[in-house]
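Each chain, written out:
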Amino acid sequence: MSESQPHLTVVGEPAAPERIGIARPGFEVYAGPTTVDGRVFRAGVWYHGIKQTSPDEPGQPFDLWVCGPLHVTAETVDSDDGSIGRLLKFQHRGRERECVIPMEALAGKGEDVLKTLMRQGLVIEYHHRKHVPAYIASHHTPQVVLDTITRPGWHERSGAFVLPNRIIGSDRVRFHSSGREARIFDTLGTLEGWQSEIAEPCLGNPVLILSVCCALAGPLLKKVGVNGGGVHLVGDSSSGKSLAQDIAATVWGPADRFKVSWDMSGGGVEIEASSRNDTVMINDEMSRASPKQIQGHAYAIANGTGKGTMTREREGRPKNYWRLLALSSGERSLADHASMAGNTAHAGAELRMVDINAGTRKHRAFDDVHGTSGEAFHRTLTGAAGRHYGHVGPALVEKLLEDEIADGLTWRFGEIRKAFNVSSSQAGRVADRFAVMALAGELASDCGILPWPAGTSTDACRLLFAEWLATIGDGNAEDRQILSALSDFIALHGDSRFSSIHAQFADPNVRHRAGYFEIEGDKRFYLFNRAALTEAAEGYSRARILRTLGQHDVLAKMDEGRKQKKYRLPGGGMGRFFVIDPERLDPEGGS
């Protein structure tokens, strides 16, 4: 070893009461007061150096106390980008702290390292602070190597479930964060208190049961192969929607911190969703979201992948990604909210955030207030939600790691999925979502985590799924939107943009003509020109519109080999039109 390279010795816990000799220059860490060469050094990291006063003299030894006891215990490897770091351990007021420091943060003066350690309570001698990054960097090859992950949820290589404050299932992975994020996975109270004060009053209330199941389902999505998405609780102000969300939030943490507002940018959606990966995202009050952005937010939450960005070197950064269910609330449906910006809701967005009636039940959002008034019921549960939280989700994860339960998940999901039988593939994806929520609730009941009888979760999820299906229908969502758009267009413009095809002259009062109408007996057919057809079903191509019209037998008359029929125009000339029978447009549910 050259004299310029520091010598490193880590004294384990408990520290040796006495040592002989100090290697200079170098760092030593003492877990407690330690005697070396007759001198007592207090606990902490020391830099033992030599000061050269002149080339001819041997140099004068000196000793600097750098910081409290700080142990570099492992090398870390980021699971996303492979970057290397160090795992540090120290104590603050008797409580052990762990901190992951990327090696790249040691470059330069290492100010980010000092900020991170001081934020978490490490006592550092201010005037000697420059030695802290050097001390960490001097640990070249730690024997232990661990993985790190920057988001909560399942860690593929270790099989552990990672939370910021807890690792469930393995000691080979650590959570890596800046330390500045909100502590959304805190705990308070007890599981037993949550069961008696929150879970039991939920019985008889499908909306509350669904909300708890939605919060519990996140860890199951990967296990049973179900994509993300969400449910949207729709009801008037003060109906109880927010209470349902608060109860769902207590599955993982405090409601006031775990919930997020819809009032955020696309980047904000990515950050909030990623920070709740494999759990649940609870979005409060859709009216605060931009009507122009709400559909994009719904797609992003369900699809689970953030936008690609580039570094200054024009290299792609790792994308944010997540996998979760969302529990949203609002006084309007997603489609109604999007329409405020003049947009028609995309069928895909509506399927990714399905509406649940949480406003017109027996007691608004509740079905059973257990012998009290709605106000008293709400007040009691709100108080309980502030006393007990953060226990239920981790308790279910612990059970999912047991081989007996893990091995049967796919079969169990398949059995429950049979209770949500639908014919269309689009409704089937929504059925998958309700089925995995039901599975989460039933597993928690089986394990004694939820004090609910078997079948409670499945019955509640089936009831609300059936209510949604009754309003939407089991057909293709895009078909339903096209038919509804054409029906609405006729209702709005039937007399102002259409006139009789059999008139002697064209009606001069019709501006921006969409076509003509033809009366046969007691029926009226609407003859759409090409431009009006695509205008009526904005956002869909003419080919897609015609496919829907053909599948639902809406085109009443066609020339051979064509979708249109040729007519003589009022005032002379010929034209081809799409002849639509408005009675075959079924905007309320499809066929």
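Residues numbered from 1 in each chain as written. Predicted model: local features only at pLDDT ≥ 70, side-chain atom pairs only at ≥ 80, totals over all residues. Heavy atoms only, no water.

### Side note on the overall build of the protein
When its secondary structure is counted, the protein shows 19 helices and 26 strands. Taking 591 residues into account, the globule formula puts the C-alpha radius of gyration at 25 Å, and the protein, at 33 Å, lies well above it. Across the 591 residues that make up the protein, the buried fraction comes to 50%. Look at the contacts in the protein between residues 6 or more apart in sequence, and 63% of them connect residues 24 or more apart. Each charge sign in the protein was given a centre, from 68 positive and 73 negative side chains, and these centres are 5 Å apart. (Helix = DSSP H or I, 4+ residues; strand = E, 2+ residues; numbered from the N terminus. Rg over C-alpha atoms; globule rule 2.2 N^0.38 Å. Buried < 20%, exposed > 50% of the residue type's maximum accessible area, 1.4 Å probe, protein only. Contact = heavy atoms within 4.5 Å. Lys, Arg positive; Asp, Glu negative; His and termini not counted. Charge placed at Lys NZ, Arg CZ, Asp CG, Glu CD.)

### Overview of the packing of aromatic side chains
Enumeration over the complete set of coordinates arrives at 19 aromatic pairs. Judged by centre distance (6.4 Å) and plane angle (85°), the ring pair of Phe185 and Trp252 falls under edge-to-face. A residue pair is termed long-range when its members are at least 10 positions apart, and Phe185 in the loop between strand 15 (173-175) and helix 3 (191-202) and Trp252 in the loop between helix 5 (241-249) and helix 6 (255-258) qualify at 67 residues. Trp252 carries the same exposure label as Phe185, and that label is buried. An aromatic cluster of at least three residues, connected via ring pairs, comprises Trp154, Phe161, Phe185, Trp252 and Phe258. Here Arg42 stacks its cationic end above the ring of Trp65, 3.7 Å away from the centre of that ring. Between Arg129 and the ring centre of Tyr126, over which it is positioned, the NZ or CZ distance is 3.9 Å. (Phe/Tyr/Trp six-rings, centres within 6.5 Å; stacked < 30°, edge-to-face > 60°. Lys NZ or Arg CZ within 6 Å of the ring centre and 35° of its normal.)

### Regarding the environment of Gly371
Looking at where Gly371 falls in the secondary structure, it is placed in the loop between strand 20 (353-357) and helix 11 (374-385). Between the alpha carbons of Gly371 and Ile84 there is a distance of 59 Å; along the sequence they are 287 residues apart.

### A look at the pattern of salt bridges
Applying the stated criterion to the full structure yields 34 salt bridges. The salt bridge partner of Arg183 is Asp186, with a shortest N-O separation of 3.4 Å. What makes Arg183 exposed here is its relative accessible area of 53%. Taking relative accessible area as the criterion, Asp186 reaches 15% and is therefore assigned buried. In this structure, Glu375 and Arg379 form a salt bridge, with 3.6 Å as the shortest nitrogen-oxygen distance. Placement of the pair is Glu375 and Arg379 together in helix 11, with a separation of four residues, close to one helical turn. With respect to class, Glu375 is no different from Arg379; both count as exposed. Put simply, Lys523, Asp553, Asp581, Glu583 and Arg584 are held in one network by salt bridges that share partners. (Salt bridge = Lys/Arg side-chain N within 4 Å of Asp/Glu carboxyl O.)

### Description of the pairing of strand 18 (residues 280-284)
The element strand 18 is extensively covered by neighbouring structure, given that four of its five residues are classed as buried. Summarising the sheet, strand 17 (residues 260-261) and strand 18 pair through two bridges and their orientation is parallel. Within strand 18, the position partnered with Val260 by the bridge is Asn283. Tracing the backbone out of strand 17, into helix 7 (residues 266-274) and back to the parallel element strand 18 gives a crossover that is right-handed. Inspection of the sheet shows strand 18 paired to strand 19 (residues 325-330) by four bridges, in the parallel sense. Bridge pairing in strand 19 links Val280 to Leu325. (Pairing = 2+ DSSP bridges. Right-handed = clockwise from strand over helix to strand, strands pointing away.)

### Brief notes about the sheet that holds strand 11 (residues 145-149)
Pairing within the open sheet is mixed, and its five strands lie in the order 10-9-8-11-15. At either margin of the open sheet sits one strand with a lone partner, and together these are strand 10 (95-102) and strand 15. Between one strand and the next, the sheet's axes are offset by a mean angle of 40°, whatever the strand orientation. With respect to the sheet, helix 1 (residues 111-119) is in contact with strand 9 (84-92) and strand 10, its orientation differing from that of strand 10 by roughly 160°. (Axes fitted to C-alpha atoms, helices over the stretch in contact; angles between N-to-C directions.)

### Describing the nonpolar core
Core analysis: the biggest nonpolar cluster contains 106 residues, and Trp252, Phe434, Met437, Phe528 and Leu549 have the highest contact counts within it. Top element by residues in this core is helix 4 (residues 206-224). It accounts for 13 residues. If we ignore the near neighbours within four places in the chain, the residues touching Leu549 are Leu483, Leu486, Leu533, Val554, Leu555 and Ile580. Among the nonpolar cores identified, the runner-up in size contains 23 residues, and Val72, Val113, Leu122 and Ile136 belong to it. (Core = buried A, V, L, I, M, F, W, Y, C linked by side-chain atoms within 4.5 Å.)

### Re unusual backbone geometry
Note the cis peptide between Arg24 and Pro25, where omega equals -10°. Along the polypeptide, Pro25 turns up in the loop between strand 2 (18-19) and strand 3 (26-30). Despite not being glycine, His512 has its phi angle at roughly 50°, a positive value. Topologically, His512 is positioned in the loop between strand 21 (498-500) and strand 22 (515-520). Phi at Asp553 is positive, roughly 55°, even though this residue is not glycine. Looking at the element boundaries, Asp553 is found in the loop between helix 19 (542-551) and strand 24 (555-557). Of the residues examined, Asp553 reaches a relative accessible area of 48% and is grouped as partly exposed.

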